[in-house]
Amino acid sequence: MSHNTIAINQRMDKFDGHHRVWLFGYGSLIFKADFPFIERRPAHIDNWTRRFWQGSHDHRGTETAPGRVATLVPQHGARCAGMAYLITPEVFAHLDHREKNGYLRLAIDIHFEEGGSEEGLVYIATEDNAAFLGEAPELDIARQIALSHGPSGANRDYLLDLAHALRDMGLDDPHVFEIERHLTQRG
C-alpha cells in the first residue's frame, strides 16, 4: 500500500451522516491539536500499544532520511492511553492530509477515563504501508530520531513533546520513555 493514504481515507464511510465523531489521539494529536474540536477527554483503547515503528517522510523526516513517529500495533491485553476529541466530520479533510503518510482511519471503541465509551475513529499506520519501518531496539530508534528533520521540524522534538504530554497526563509508557532516555543521553 502506498504511504499516501488520503484517497483511501476519503472512502471510509463508517461515520457518514454523523454530526459529531470521537477521535482518539495517541501521538502528536495529544500535544498538537491543530484542528477545531468540541470537547476533549483523557481516554484509552484496548488491545493496542504505542510504538515508534512508522516512518515519517512528510513531517519529521524526508523521503531519503525518514524520521520515526508513533503508530499503534496490536497487543492482546494492552491498554493505550491518550486523548479523545469530539470533532465534526468537516475536520476529516485536515486530519486526512495531516496523517497521509501511511495512516488509515479505523473505527474503534474509545473508553473515557471518567467512565463510559463511544465508538469513534483512530488513525493507525499498519505494517503494510510503504512508510512502515517496523520494530527496532529503542537505542536504534533514538539514534534515528536524533538525526531526523523534516518540514515540521526535528524528529527529536516530536518524541520529547509526546513524552512530556504523557507525563503531564500522569501516564507511563516504557517504550516512549526508554527512547527518550537514550535520546537525552546523546545530548
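Heads up: the structure comes first, above all this text.
Just so we're clear, the structure is a prediction, and the values are computed from it rather than from any experiment.

Rules used throughout
- Residues numbered from 1 in each chain as written.
- Predicted model: local features only at pLDDT ≥ 70, side-chain atom pairs only at ≥ 80, totals over all residues.
- Heavy atoms only, no water.
- Pairing = 2+ DSSP bridges.
- Helix = DSSP H or I, 4+ residues; strand = E, 2+ residues; numbered from the N terminus.
- 1 Å grid on protein atoms, 1.4 Å probe; cavity = no way out; pocket = protein on both sides within 12 Å on 5 of 7 lines; lining within 4 Å.
- Points joined across faces, edges and corners; volume = space filled by probe spheres on them.
- Nonpolar A, V, L, I, M, F, W, Y, C, P; charged D, E, K, R; others polar.
- Salt bridge = Lys/Arg side-chain N within 4 Å of Asp/Glu carboxyl O.
- Buried < 20%, exposed > 50% of the residue type's maximum accessible area, 1.4 Å probe, protein only.

A separate point is the pairing of strand 2 (residues 39-56). Looking at chain direction, strand 2 and strand 3 (residues 67-87) are connected through 15 bridges and run antiparallel. In the sheet register, Glu39 faces strand 3, and the bridge partner there is Leu86. Relative to strand 4 (residues 103-112), strand 2 runs antiparallel, the two sharing two bridges. In the strand pairing of strand 4, Ala43 is matched with Phe112.

With that settled, consider the layout of surface pockets. Its volume calculated, the largest pocket comes out at about 350 Å³. Lining the largest pocket are 24 residues, and of these Ser28, His59, Arg98, Glu99 and Tyr158 lie nearest its centre. Those elements giving two or more residues to the lining of the largest pocket turn out to be helix 2 (28-31), strand 2, strand 3 and helix 3 (92-98). The leading source of residues in the lining of the largest pocket is helix 2, at three residues. A breakdown of the residues in the lining of the largest pocket according to their chemical character gives eight nonpolar, nine polar and seven charged.

To continue, consider the pattern of salt bridges. Two side chains carrying opposite charge are able to pair once their charged atoms lie near each other. Overall, the coordinates contain 11 salt bridges when judged by the stated rule. Glu114 is the salt-bridge partner of Arg41, the closest N and O atoms lying 3.2 Å from each other. Residue Arg41 is found in strand 2, and its partner Glu114 is found in the loop between strand 4 and strand 5 (117-125); the two are separated by 73 residues along the sequence. Note on Glu114: relative accessible area 52%, which makes it exposed. The salt bridge involving Arg79 is made with Glu113; its shortest N-O contact spans 3.4 Å. With Arg79 in strand 3 and Glu113 in the loop between strand 4 and strand 5, the pair connects residues that are 34 residues apart, well separated along the chain. Taking relative accessible area as the criterion, Arg79 reaches 54% and is therefore assigned exposed. Residue Glu113 is classed as partly exposed on the basis of its relative accessible area of 41%.

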